[in-house]
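# Coordinate analysis (summary)
Single-letter residue listing:
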Amino acid sequence: CGISILAPDASSSLLYFGSPADSVGAQVAWKQSTATMNIGTHMAGGTMVLRTAANTTAVTIDANQDVFIEKQVAIGGSGFWVSDWLSILATSGADMSLENSGDSPVVIRVDADRSSANSLLGGLLGYWNNANVGAFKIASGSDTGNKDDGELWLQTSDGGGVVTHCILDNSG
């Protein structure tokens, strides 16, 4: 027993949800020719909520396309990719943990395709109320041909700005 909504391959099969004031508040659509399934709100300010386990909110997508996941995110396969910026914001404890339960190390890889010597590749920056108070930075070395040497910089703030206290270069 079920409901089928059939349409020609080049057209969309649609199921609308609405009210007398707005006949298209949300929709479910399938288009065979593009193999595309669309589920969404149709009115401005609409929010989508996915619920599980006795109607408990699991995921919310708001009108700004911000996605809120209520619990942890488990990602398998080839990893988790962010195209521009990843921010972890918490009002109470923002600990980040990287754990491998197997018999191998946990590695944070910093890789930047810089073209000049002594250029910042990445680092760990410390802030206190949005003021930079220290950093551990990784920089390219002087070999711009092979790009196989580097430097480690240790920096702290003296209240007037960040000061480099130690540079460990490829000679130690």
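Everything below is about the structure shown above.
What comes next is a walk through the structure.

Rules of the game
- Throughout this description, residue numbers start from 1 for each chain and increase along the sequence as written.
- In view of the model being predicted, local features appear only for residues whose pLDDT reaches at least 70, and side-chain atom pairs are presented and counted only at 80 or more, with totals across whole chains, interfaces and linings using the full set of residues.
- With hydrogens and water stripped out, all remaining heavy atoms of the structure feed into the side-chain values.
- Within this analysis, patches are made of residues with over 30% relative accessible area and no salt bridge. Like charges are joined at 9 Å or less; nonpolar side chains (Val, Leu, Ile, Met, Phe, Trp, Tyr) at 5 Å or less.
- For every accessible area listed, the method is Shrake-Rupley and the probe measures 1.4 Å; residues are considered covered only by the protein chains on display.
- The term salt bridge refers to a pairing of a side-chain nitrogen on Lys or Arg with a carboxyl oxygen on Asp or Glu at a separation within 4 Å.
- Helix numbers and strand numbers start at the N terminus; a helix is a DSSP run of H or I with at least 4 residues, a strand a run of E with at least 2.
- The classification of residues rests on relative accessible area computed with a 1.4 Å probe and restricted to protein chains. Under 20% of the type maximum is buried, over 50% is exposed, and intermediate values are partly exposed.
- Residues adjacent in sequence count toward polar contacts only when both atoms are side-chain atoms; beyond that, a polar contact is any pair of N or O atoms within 3.5 Å, and within protein one must be able to donate a hydrogen and the other to accept it.
- In this analysis, two residues are considered to be in contact whenever any of their non-hydrogen atoms come within 4.5 Å of each other.

## Points about a nonpolar patch on the surface
On the surface, Leu 86, Ile 88, Met 96, Leu 98, Val 106, Ile 108 and Val 110 cluster together to form a nonpolar patch covering roughly 710 Å² of accessible area. Within the secondary structure, Leu 98 is located in the loop between strand 6 (67-69) and strand 7 (120-128).

## Observations concerning the pattern of salt bridges
A complete count under the given rule lists 2 salt bridges for this structure. Where Arg 109 meets Asp 111, a salt bridge forms, and the shortest distance between an N and an O atom there is 2.7 Å. Neither residue differs from the other here; Arg 109 and Asp 111 are each classed as exposed. In this structure, Lys 147 engages Asp 113 in a salt bridge whose closest nitrogen and oxygen atoms are separated by 3.5 Å. One end of the pair, Lys 147, is in the loop between strand 8 (131-140) and strand 9 (150-157); the other, Asp 113, is in the loop between strand 6 and strand 7, and 34 residues separate them in sequence. For Asp 113, a relative accessible area of 73% gives the class exposed.

## Focus on the side chain of Ser 13
Looking at the secondary structure, you find Ser 13 in strand 1 (residues 12-17). For Ser 13, the side chain forms a polar contact with the main-chain oxygen of Ile 5, separated by 3.2 Å. Setting aside residues up to four positions removed in sequence, Ser 13 forms contacts with Ile 5, Leu 6, Ala 7, Val 28, Ala 29 and Trp 30.

## What to know about the side chain of Thr 60
Within the secondary structure, Thr 60 sits in strand 5 (residues 56-61). The class for Thr 60 is buried, based on a relative accessible area of 15%. In this structure Thr 60 touches Thr 47, Met 48, Val 49, Asp 66, Val 67, Phe 68 and Glu 70, once residues within four positions along its chain are discounted.

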